[in-house]
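Here's the letter readout for the chains.
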Amino acid sequence: MSDWPEGTGRAPRTGTGGADHGGGQEPVAWSGPEGAQAFAAVEAATDWLLGYPFVFRTLARWVGGGSVLVDYGCGPGKVADHAARQLGAKVLGVDTSPEMLALARGSGTAVAEYHLVTDGRAACLADGCADAVMCNHVLASLPSAQTVLAVFREIRRILRPGGPFVLLATDPACSGTQYASLSIGDPGGTYAPGDALPVRLRRTDGSWQVMPNHAWPVDFYPALLERAGFGDLVQHRPTVDEALALPGLVPPVLTAGRTWSAEHSRPPLVITTAVAV
């Protein structure tokens, strides 16, 4: 068994959006128990090479034992659990999906706490309760700039002044490239902010599923973050060479036997860091 987590922190779409699993199979809704189980089976190898380790590395400059870290849009809890173990922080995972939270709470290795977001608000979390917040692959499920701004404002509400917000997202400009565990958009496609953007995700059984997303270019976030009460914005696009050059950042089991050719030529993930003002 692999010692690196499987599944992502991506939040499901609200409602009854579906995913085409290919091969003529019936769509599976993300919002129910079957959808949550399917979503938890996403492999996410590219994310565990160029995404989550760099999120944790960024957060480690601010948080440690005794800190409170919120994972906003925690999904089935694999990323929140890993962050709690690696950073030593108290991790609070929040999500809009009760089924995702049930998976997170039911994990035999879960060390984080999990809470429901209702009507766009994590009511169980007090203003300024968090020392840091991470948000991984959530915004692509949001259909409008106003909903993205609302999420940023809710995150700012729960984050103490001076606390960091670390955001991981795919770059819609990388559409048409086949990566180890995902592909973004269609070959030759160009996408304006908010456009429908299909993302194919590789599952642990080797099959692929399509997740309906929205395109939010990485240069779209800074202006909204400033409106929501954040400053000191920095964006970083991790590379394969950077990941492999940092001892202990990526588990050897993840890199063994992989060429990462697409990830080398066109890294698809961007980390945006901002500070609550």
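As a reminder, the structure under discussion sits directly above these lines.
To start, this report covers the structure provided alongside it.

## Digging into the overall build of the chain
Scanning the chain from terminus to terminus reveals 10 helices and 12 strands. Counting only residues that meet the buried cut, the chain has 56% of its 277 residues in that class. By element, 53% of the accessible surface of the chain is carried by carbon and sulfur atoms, the whole surface being about 11100 Å².

## Considerations on the packing of aromatic side chains
Under the criterion given, the structure shown has seven aromatic pairs. Ring centres of phenylalanine 152 and phenylalanine 165 lie 5.9 Å apart, and the angle between their planes is 70°; this geometry places the pair in the edge-to-face category. You can see phenylalanine 152 sitting in helix α6 (residues 145-158) and its partner phenylalanine 165 sitting in strand β7 (residues 164-170), a full 13 residues away along the chain. Under the relative-accessibility criterion, phenylalanine 152 is labelled buried at 0%. Taking relative accessible area as the criterion, phenylalanine 165 reaches 1% and is therefore assigned buried. Put simply, the rings of Phe152, Phe165, Trp216, Phe220, Tyr221 and Phe230 pair up and form one aromatic cluster. Cation over ring: arginine 200 sits above tryptophan 208, and NZ or CZ is 4.6 Å from the ring centre.

## Some words on helix α5 (residues 98-106)
All of the buried residues in α5 are Met100, Leu101 and Ala104. Each buried residue of α5 sits inside an arc of 95° when the element is viewed along its axis, so together they form one side.

## Some points on the nonpolar core
Core analysis: the biggest nonpolar cluster contains 48 residues, and Leu49, Val55, Phe56, Leu59, Leu69 and Met134 have the highest contact counts within it. Not counting residues within four places of it along the chain, the set of residues in contact with leucine 59 comprises Leu69, Leu87, Ala132, Val133, Met134 and Val166. The next biggest cluster of nonpolar side chains, apart from the first, holds 33 residues, and it includes Cys135, Val151, Ile155 and Phe230.

## Regarding the sheet that holds strand β10 (residues 208-214)
Hydrogen bonds between backbone groups are what pair the strands of a sheet, and the pairing can be parallel or antiparallel. An order of β8-β9-β10 is seen for the three strands of this open sheet, with the pairing classed as antiparallel. In the strand order of this sheet, the two ends are held by β8 (182-184) and β10, each with one partner. In this sheet, adjacent strand axes meet at a mean angle of 20° when their direction is disregarded. The sheet contact formed by strand β9 (residues 196-202) and β10 spans seven bridges and is antiparallel. Bridge pairing in β10 links leucine 201 to glutamine 209.

Cut-off values and rules
- Residues numbered from 1 in each chain as written.
- Predicted model: local features only at pLDDT ≥ 70, side-chain atom pairs only at ≥ 80, totals over all residues.
- Heavy atoms only, no water.
- Helix = DSSP H or I, 4+ residues; strand = E, 2+ residues; numbered from the N terminus.
- Buried < 20%, exposed > 50% of the residue type's maximum accessible area, 1.4 Å probe, protein only.
- Areas by Shrake-Rupley, 256 points an atom, 1.4 Å probe, with all protein chains shown as cover.
- Phe/Tyr/Trp six-rings, centres within 6.5 Å; stacked < 30°, edge-to-face > 60°.
- Lys NZ or Arg CZ within 6 Å of the ring centre and 35° of its normal.
- Arc of directions from axis to C-beta.
- Core = buried A, V, L, I, M, F, W, Y, C linked by side-chain atoms within 4.5 Å.
- Contact = heavy atoms within 4.5 Å.
- Pairing = 2+ DSSP bridges.
- Axes fitted to C-alpha atoms, helices over the stretch in contact; angles between N-to-C directions.

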